[in-house]
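# Inside the fold
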Amino acid sequence: MGVANTILGVASGIEVIHSTVLGIGERAGNTPLEETVMALRTMYNCDTGMNLSVLTELANLVRQLSGAFIPANRPVVGDMLYNVESGIITSWVRNCGHADMTEVFPFRWEMVGNRPVDVVLGKGSGVDSVKYWLEKLGMGEASEQDVMSILVKVKELSLEHKRLLTTEEFQKIAAS
């Protein structure tokens, strides 16, 4: 509740925020700096004066120095925050294009120095994920039946290995 309480405090007129990078501190309950400043900026247009483009770099430095674990899906600074696995979200990414990516995400990766959107292949992938990868790799168009066959193999391999597929694995599946 640290982020919500801090935002409520700012809305009530406080002028100083106490937070830590990644919420790291002696005990639980420290307000994560990166989540707080991004919520203030994106939801309330409150500019804290911070250089937001270094938030991911700062979080990674603190992670490295402290040995803290950062979940891959951590808000704002997670390594896989902009990975898209599901077919429906891949459709949105394809339809919105680079210029309108805030139709899919609340803020752009560049704003916080994170990696750009990456469509990945796994058990949650869909038809549009396969089509995206076929296009990306210049493998041409495939029939709907072929796309479905590829998708089934992608899901099977992902479930078997309990991870996302590599480019090479997808190429092998698509070529077979």
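Residues numbered from 1 in each chain as written. Predicted model: local features only at pLDDT ≥ 70, side-chain atom pairs only at ≥ 80, totals over all residues. Heavy atoms only, no water.

Across its full length, the protein chain carries seven helices and two strands. Walking the protein chain from its N terminus toward its C terminus, one meets helices and strands in the order α-α-α-β-α-β-α-α-α. Compactness check: the protein chain gives a C-alpha radius of gyration of 20 Å against a globular reference of 16 Å for 176 residues, more than 25% above the reference. With the C-alpha coordinates aligned to their principal axes, the bounding extent of the protein chain is approximately 60 × 35 × 25 Å. Looking at the protein chain residue by residue over its 176 residues, the buried ones come to 34%. Total accessible area computed for the protein chain in this model is approximately 10,500 Å², and 54% of it derives from carbon and sulfur atoms. One way to put it: in the protein chain the 15 positive side-chain charges average out to a point 5 Å from where the 21 negative ones average out. (Helix = DSSP H or I, 4+ residues; strand = E, 2+ residues; numbered from the N terminus. Rg over C-alpha atoms; globule rule 2.2 N^0.38 Å. Buried < 20%, exposed > 50% of the residue type's maximum accessible area, 1.4 Å probe, protein only. Areas by Shrake-Rupley, 256 points an atom, 1.4 Å probe, with all protein chains shown as cover. Lys, Arg positive; Asp, Glu negative; His and termini not counted. Charge placed at Lys NZ, Arg CZ, Asp CG, Glu CD.)

A few words on helix 2 (residues 33-44). Helical geometry note: an α-helix holds 3.6 residues per turn, so side chains three or four residues apart project in the same direction. Taking 1.5 Å as the rise per residue, helix 2 with 12 residues should run 16 Å; its terminal C-alpha atoms sit 16 Å apart, in good agreement. Taken residue by residue, helix 2 has Leu-33, Glu-34, Thr-36, Val-37, Met-38, Ala-39 and Leu-40 as its buried positions. Where the residues of helix 2 are buried, they touch helix 1 (2-11) and helix 3 (55-66). Following helix 2 by one or two positions, Asn-45 adopts a phi angle in the positive range, close to 50°. (Expected span 1.5 Å × (residues − 1). Contact = heavy atoms within 4.5 Å.)

As a further point, take the nonpolar core. Core analysis: the biggest nonpolar cluster contains 35 residues, and Leu-55, Val-117, Ile-150 and Phe-170 have the highest contact counts within it. Only helix 2, helix 3, helix 5 (127-136), helix 6 (144-161) and helix 7 (167-175) provide two or more residues apiece to this core. The element best represented in this core is helix 6, accounting for five residues. The residues touching Ile-150, leaving out its near neighbours within four places in the chain, are Val-130, Leu-134, Phe-170, Ile-173 and Ala-174. (Core = buried A, V, L, I, M, F, W, Y, C linked by side-chain atoms within 4.5 Å.)

What follows is about helix 5. Of all the residues in helix 5, the buried ones are Ser-129, Val-130, Trp-133 and Leu-134. Seen from one end, helix 5 has its buried residues packed into an arc of 135°, which puts them on one side. Check the buried side of helix 5 and you find it contacts helix 4 (87-96), strand 2 (118-119), helix 6 and helix 7. With its phi angle positive at about 65°, Gly-138 sits one or two positions after the end of helix 5. (Arc of directions from axis to C-beta.)

So, about the packing of aromatic side chains. Working definition: an aromatic ring pair is given by the centre-to-centre distance plus the angle between the planes. For the structure on display, the rule yields four aromatic pairs. Seen from their ring centres, Tyr-82 and Trp-109 are 5.7 Å apart, and the 75° between their planes marks the pair as edge-to-face. Here Trp-109 lies in the loop between helix 4 and strand 2 and Tyr-82 lies in the loop between helix 3 and strand 1 (83-84), a separation of 27 residues in the sequence. For Tyr-82, a relative accessible area of 3% corresponds to the buried category. Ring pairs connect the aromatic residues Tyr-82, Phe-105, Phe-107 and Trp-109, which therefore count as one cluster. In this structure, Lys-136 is placed above the aromatic ring of Trp-133, and the distance from its NZ or CZ to the ring centre is 4.1 Å. (Phe/Tyr/Trp six-rings, centres within 6.5 Å; stacked < 30°, edge-to-face > 60°. Lys NZ or Arg CZ within 6 Å of the ring centre and 35° of its normal.)

The subject of this paragraph is the confidence of the model for the protein chain. In this model, the protein chain carries a mean pLDDT of 94, and residues with pLDDT of at least 70 account for 100%. Least confident of the elements in the protein chain is helix 4, whose mean pLDDT is 92; most confident is helix 6, at 97. (pLDDT = per-residue confidence, 0-100.)

Our next topic: the side chain of Asn-114. Of note, Asn-114 is situated in the loop between helix 4 and strand 2. Within the structure, the side chain of Asn-114 is placed 3.1 Å from the backbone oxygen of Gly-78, a separation counted as a polar contact. Not counting chain neighbours up to four residues away, the residues in contact with Asn-114 comprise Thr-56, Val-76, Val-77, Gly-78, Leu-81, Tyr-82 and Trp-109. (Polar contact = N/O pair within 3.5 Å; in protein donor to acceptor, adjacent residues only side chain to side chain.)

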